[in-house]
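Chain by chain, the residues:
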Amino acid sequence: MLIAQLTDLHIGFDLDNPDELNLRRVAAAIDYVKGLSVKPDRLFLTGDLTDHGDRASYEKLRGLIDSCAFPVHLCTGNHDDRIAMKQVFPDLPIDDGFVQYVIDEPEVRIIVLDTLDPGHHGGAFCHRRAGWLKARLAEVPGKPVLIVLHHPPIETGIPWMTAHPTEPWVVMLDKAIGDRPNVLMISGHIHRSITTQWHGRMLAVAPSTAPQVALELAPMDPDLPDERPMIVAEQPGVALHLWTGESFVTHHAQVGAPDVLARYDRNLQPLVQALAEEHESMQSGAAAA
């Protein structure tokens, strides 16, 4: 199973521009995913789908994903609007007023969470959402679970794009998951690629399709602008989560055609053959042990 992820599209940042940069970046990222040699089984768009939560921007997004040959699933971010999303995507699952739902694959249960708190930049996770999550986890006690959400509940080291471990929503989410084993998490929001562990749970933050946040870890003084870069024009990012049979392996890539320095031709065939023989030998040795 291969799951693709795009995040932080921010369509409509430049509302009156028909050639908007963010829209072009999203289109390029979706084309990249559609052109993969191994087609994804699902594509998750993990929040901040639009910049202003306006219906026109969601309609532009719908026009881009309608041609996808695989299911596309939406998640809310702090720039999104649930009502406008539901108007444009009438099949969007909403439970108890939140965009939260379950997808069951044979290998893993996927749980999409809603961390939107309208009017606030940071995440939210209330008692109602926590109760819903606990119930969904209890339904599959022995099954691996992939949690999909917009806001990562972690300190990132980037001063203006981070969550503190004592924030109530972070504590609430941690308690809702509890000591449940085999929980993996993917998110967005930070506009950078991050891989970490959160209380023993693998957490992969995907890079954005919109321009990235500058990687600057120095402390920031809210009262003293220091001219540091904050947004940079790196290429749109994509995450690919490959299920190996035991867990997900996450790859982060930049959209675009890189320079090819070597190809699998007859010159490199001996290397590939040698590696395949070595792998087979090690598997045979393990089976015999």
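Everything below is about the structure shown above.
Now for a description of the structure that goes with this document. (Residues numbered from 1 in each chain as written. Predicted model: local features only at pLDDT ≥ 70, side-chain atom pairs only at ≥ 80, totals over all residues. Heavy atoms only, no water.)

## A few points about helix α1 (residues 21–34)
Look at α1: 20 Å from first C-alpha to last across 14 residues, which is about the 20 Å you get at 1.5 Å a residue. Where α1 is buried, its residues touch β1 (2–6), α2 (55–65) and β12 (237–243). (Helix = DSSP H or I, 4+ residues; strand = E, 2+ residues; numbered from the N terminus. Expected span 1.5 Å × (residues − 1). Contact = heavy atoms within 4.5 Å.)

## Here we look at the sheet that holds β1
The strand order across the open sheet formed by 5 strands is β3-β2-β1-β12-β13, and the pairing between neighbours is mixed. The open sheet has two free edges, formed respectively by β3 (72–75) and β13 (248–254), since each of these has just one partner strand. On average, each strand axis in the sheet is inclined to that of its neighbour by 20 degrees, with strand direction left out of account. Across 4 bridges, β1 lies against strand β2 (residues 42–46) in parallel orientation. Among the inter-strand pairings, Gln5 is bridged to a residue of β2, identified as Phe44. Those strands touched by α1 are β1, β12 and β13, and its axis lies near 170 degrees from that of β1. (Pairing = 2+ DSSP bridges. Axes fitted to C-alpha atoms, helices over the stretch in contact; angles between N-to-C directions.)

## Topic: the pairing of β3
For β2 and β3, the ladder comprises 4 bridges, and the chain directions are parallel. Within β3, the position partnered with Leu43 by the bridge is Val72. As a crossover connection, the stretch from β2 through α2 into β3 is right-handed. (Right-handed = clockwise from strand over helix to strand, strands pointing away.)

## Some details on the environment of Lys134
On the secondary structure map, Lys134 appears in helix α4 (residues 127–138). On a C-alpha basis, the gap between Lys134 and Glu167 in space is 20 Å, while along the polypeptide they are 33 residues apart. In this view, Lys134 contacts Lys175 and Ala176; residues no more than four positions away in its chain are not counted.

## Overview of the pattern of salt bridges
Counted by the stated rule, this structure contains 13 salt bridges. In this structure, the salt-bridge partner of Arg55 is Glu59, at a minimum N-O distance of 3.2 Å. Of this pair, Arg55 and Glu59 both sit in helix α2, 4 residues apart, roughly one helical turn. Between Asp104 and Lys143 there is a salt bridge, and its shortest N-O distance comes to 3.6 Å. Of this pair, Asp104 sits in strand β4 (residues 101–104) while Lys143 sits in the loop between α4 and β6 (145–148), and the two are 39 residues apart along the sequence. Judged by its relative accessible area of 41%, Asp104 falls in the partly exposed class. Among the charged side chains, a salt-bridge network with shared partners connects Asp104, Arg109, Arg136, Glu139 and Lys143. (Salt bridge = Lys/Arg side-chain N within 4 Å of Asp/Glu carboxyl O. Buried < 20%, exposed > 50% of the residue type's maximum accessible area, 1.4 Å probe, protein only.)

## Describing the pairing of β4
Put simply, side chains in a regular strand alternate between the two faces of the sheet. Side chains Tyr101 and Ile103 project from β4 onto a buried face, and the interleaved Val102 and Asp104 project onto a face without burial. The sheet contact formed by β4 and strand β5 (residues 109–112) spans 4 bridges and is antiparallel. Bridging from a neighbouring strand, Tyr101 pairs with Val112 of β5.

## Notes on unusual backbone geometry
One non-glycine residue, Asn182, adopts positive backbone phi at about 60 degrees. By secondary structure assignment, the location of Asn182 is in the loop between α5 (168–177) and β7 (183–187). The backbone of His199 sits at a positive phi, close to 55 degrees, despite the residue not being glycine. With respect to the helices, strands and loops of the structure, His199 is situated in the loop between β8 (194–198) and β9 (201–205). By relative accessible area, which is 54% here, His199 ends up exposed.

## Some words on the side chain of Arg129
By the element assignment, Arg129 lies in helix α4. Of the residues examined, Arg129 reaches a relative accessible area of 6% and is grouped as buried. Separated by 2.8 Å, the side chain of Arg129 and the backbone oxygen of Asp114 make a polar contact. For Arg129, the contacting residues outside a window of four places in its chain are Arg82, Phe98, Gln100, Asp114, Thr115, Leu116 and Ala124. (Polar contact = N/O pair within 3.5 Å; in protein donor to acceptor, adjacent residues only side chain to side chain.)

## Here we look at the layout of surface pockets
In this approach a probe as big as a water molecule rolls over the atoms, and the regions it shows empty are the leftover space. There is about 350 Å³ of room inside the largest pocket. Together, 20 residues line the largest pocket, and His10, Phe13, His191, Pro211 and Ile231 are the ones closest to its centre. Of the residues that constitute the lining of the largest pocket, the class distribution is 8 nonpolar, 7 polar and 5 charged. Of the voids in this model, the second largest pocket is the one considered here, and its volume is about 260 Å³. Val72, Leu74, Phe89, Asp91 and Leu92 are, among the 14 residues lining the second largest pocket, the residues nearest its centre. Of all the secondary-structure elements, those providing two or more residues to the lining of the second largest pocket are α2 and β3. In terms of residue count, the dominant contributor to the lining of the second largest pocket is β3 (3 residues). Among the residues making up the lining of the second largest pocket, the classes are represented as 10 nonpolar, 1 polar and 3 charged. (1 Å grid on protein atoms, 1.4 Å probe; cavity = no way out; pocket = protein on both sides within 12 Å on 5 of 7 lines; lining within 4 Å. Points joined across faces, edges and corners; volume = space filled by probe spheres on them. Nonpolar A, V, L, I, M, F, W, Y, C, P; charged D, E, K, R; others polar.)

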